[in-house]
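Tertiary structure, described
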Amino acid sequence: MVETRIDPLSPAERVAICAMSQLAFEWQFQDKADALLGVLREALPGLRQDVDFDLLADAAGRFFSARTPVEWSYATSYASRAILPILRRDMGHALQRLTAKG
């Protein structure tokens, strides 16, 4: 069974998630999309190796290869499904810290 860590996101992981989230809304503006894809490409090597982050890397690949509005739409949909479990893990970690302090 694959271990799922609940530790906080690394800076590279946060950058990747933020860039992909912005791409979902700004892909139609070519200059913004190119800049975000560049940021995403730099952050990918810093992702941890587990199932959730492997799906995130696969979603990034879909953004890199998207050329038509339909492909961008599919990439956005795939990214949303990949980002959500990671954000849940990060929120779970933050909530644990908050309840431990309170």
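The structure this text deals with has already been given above.
To start, this report covers the structure provided alongside it. (Residues numbered from 1 in each chain as written. Predicted model: local features only at pLDDT ≥ 70, side-chain atom pairs only at ≥ 80, totals over all residues. Heavy atoms only, no water.)

Glancing now at the nonpolar core. The biggest cluster of nonpolar side chains holds 26 residues, and the ones touching the most others in it are Met20, Leu23, Leu40, Leu56, Phe63 and Trp72. Mapped by element, the contributors of at least two residues to this core are helix H1 (11-26), helix H2 (30-43), helix H3 (51-65) and helix H4 (69-101). The biggest single contributor to this core is H4, with 7 residues. Beyond its immediate sequence surroundings of up to four residues, Leu23 is in contact with Ala33, Leu36, Leu37, Leu40, Phe63 and Trp72. (Core = buried A, V, L, I, M, F, W, Y, C linked by side-chain atoms within 4.5 Å. Buried < 20%, exposed > 50% of the residue type's maximum accessible area, 1.4 Å probe, protein only. Helix = DSSP H or I, 4+ residues; strand = E, 2+ residues; numbered from the N terminus. Contact = heavy atoms within 4.5 Å.)

This part takes up the pattern of salt bridges. If you walk through the whole model with that rule in mind, you get 6 salt bridges. We note a salt bridge from Arg62 to Asp58, for which the minimum N-O separation is 3.7 Å. Here the residue Arg62 and the residue Asp58 both occupy positions in helix H3, the gap between them amounting to 4 residues, near one helical turn. The structure contains a network of salt bridges with shared partners spanning Asp50, Asp52 and Arg89. (Salt bridge = Lys/Arg side-chain N within 4 Å of Asp/Glu carboxyl O.)

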